[in-house]
Amino acid sequence: MEDRALRVVLAEDSVLLREGLIALLARFGHEVVAAVGDAEALLTAVGEHAPDVVVTDVRMPPGFQDEGMRAAVRLRTERPSLPVLVLSQYVQRTYASELLDSGDGSGVGYLLKDRVGQVEEFHAALTEVASGGTVVDPEVVRQLIRRRRDPLERLTPREREVLGLVAEGKSNNAIARQLVVSEAAVGKHIGSILAKLDLPPADETHRRVLAVLTYLRA
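Residues numbered from 1 in each chain as written. Predicted model: local features only at pLDDT ≥ 70, side-chain atom pairs only at ≥ 80, totals over all residues. Heavy atoms only, no water.

### Observations regarding helix α3 (residues 67–78)
If you check α3, its first and last C-alpha atoms are 16 Å apart, about what twelve residues at 1.5 Å a residue would give, namely 16 Å. Glu67, Gly68, Met69, Ala71, Ala72, Val73, Leu75 and Arg76 are the residues of α3 that are buried. (Helix = DSSP H or I, 4+ residues; strand = E, 2+ residues; numbered from the N terminus. Expected span 1.5 Å × (residues − 1). Buried < 20%, exposed > 50% of the residue type's maximum accessible area, 1.4 Å probe, protein only.)

### Quick look at the pattern of salt bridges
Across all of its chains, the model carries eight salt bridges by this definition. Note that Arg74 is salt-bridged to Glu78, the shortest N-O span being 3.1 Å. Within this pair, Arg74 and its partner Glu78 are both found in helix α3, separated by four residues, close to a single helical turn. Its relative accessible area of 42% is what places Arg74 among the partly exposed residues. The salt bridge involving Arg79 is made with Glu78; its shortest N-O contact spans 3.5 Å. Residues joined by salt bridges that share partners form a network here, namely Glu12, Asp57 and Lys113. (Salt bridge = Lys/Arg side-chain N within 4 Å of Asp/Glu carboxyl O.)

### Observations concerning the side chain of Thr56
Inspection of the secondary structure puts Thr56 in strand β3 (residues 53–57). Setting aside residues up to four positions removed in sequence, Thr56 forms contacts with Ala11, Leu42, Gly68, Ala72, Val84, Leu85, Val86 and Leu87. (Contact = heavy atoms within 4.5 Å.)

### Side note on the UniProt feature "modified residue: 4-aspartylphosphate" (unreviewed entry) in the chain
The UniProt record annotates "modified residue: 4-aspartylphosphate" (unreviewed entry) at Asp57. Mapped onto the fold, Asp57 is located in strand β3. Overall, the relative accessible area of 5% leaves Asp57 in the buried class. Residues in contact with Asp57, not counting those within four places in the same chain, are Ala11, Glu12, Asp13, Gly68, Met69, Leu87, Ser88 and Lys113. (UniProt positions renumbered as here; feature names shortened; annotations may be inferred.)

### Some thoughts on the packing of helix α8 (residues 172–179) against helix α9 (residues 183–196)
Relative to each other, α8 and α9 sit at 110°, their axes nearing to 8 Å. Put simply, α8 runs roughly perpendicular to α9. Residues Asn172, Asn173, Ile175 and Ala176 of α8 form the contact with α9, whose participating residues are Glu183, Val186, Gly187 and Ile190. (Axes fitted to C-alpha atoms, helices over the stretch in contact; angles between N-to-C directions. Parallel < 35°, antiparallel > 145°, perpendicular 65-115°, else oblique.)

### Details of the environment of Leu25
With respect to the helices and strands, Leu25 occurs in helix α1 (residues 15–27). A relative accessible area of 2% places Leu25 in the buried class. In this structure the C-alpha to C-alpha distance between Leu25 and Arg7, which are 18 residues apart in sequence, comes to 9.8 Å. Once you skip the residues sitting within four places of it in the chain, Leu25 turns out to touch Val8, His30, Val32, Phe122 and Leu126.

### As for the sheet that holds strand β4 (residues 84–88)
Taken together, the six strands give an open sheet; going across it, the order is β2-β1-β3-β4-β5-β6, and neighbouring strands pair in parallel fashion. Looking at strand neighbours, the two that pair on one side only are β2 (31–36) and β6 (134–136), the edges of this open sheet. Averaged over all pairs of adjacent strands, the angle between their axes in this sheet comes to 20°, without regard to strand direction. With four bridges joining them, strand β1 (residues 7–11) and β3 adopt parallel strand pairing. Bridging across to β3, Val9 finds its partner in Val54. (Pairing = 2+ DSSP bridges.)

### Focus: helix α7 (residues 157–167)
Helical geometry: 3.6 residues make up each α-helical turn, so side chains three or four residues apart lie on a common side. Here α7 has its buried residues at Glu159, Val162, Leu163, Gly164, Leu165 and Val166. Of the residues flanking the end of α7, it is Gly169, one or two places downstream, whose phi is positive at about 90°.

Written out as structure tokens, the structure is:
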């Protein structure tokens, strides 16, 4: 595949990494038409510049959780043919599957930031995504397969027991009485369950519902 000059919208909150990526892309003849530091600015920039490809981080202001990933999914929903390459320091499994299933099924990538240090590999991934291909970091694939196999496998027996009681609609206080432990211990178990199920910080009630749904589907 012959390389072509690309118009890129870049979203990265780290100024140093953002400037480094701008220089790297310019080295390969690409133009960064907008370089922004938060998800809202990313959405605006794509609307203004209609780029050939978007490169975005996952964790961005204001919450530094999954704002960039959610913006990427939104862009792919609104513009199914827009190529999007996501860069991350970790695997955000909550939205990774949704991202990879988004749009028209082409032009999407998810790389861990370690790959950026491998310049030729990063550029090859970018051009592949911009041309409609799909590029997924092997570690992302491994974690998605693991999650789909059994999302509850990382829970301890006690955590599974607690989640089962949550699924029955019991409050923390009721669970504590049934298991003869303190309510604080139950809260600690639930916090661990939510973390292991990769449910990002949000409304506590909403997270409990998502955890219960995961339990019921497993």
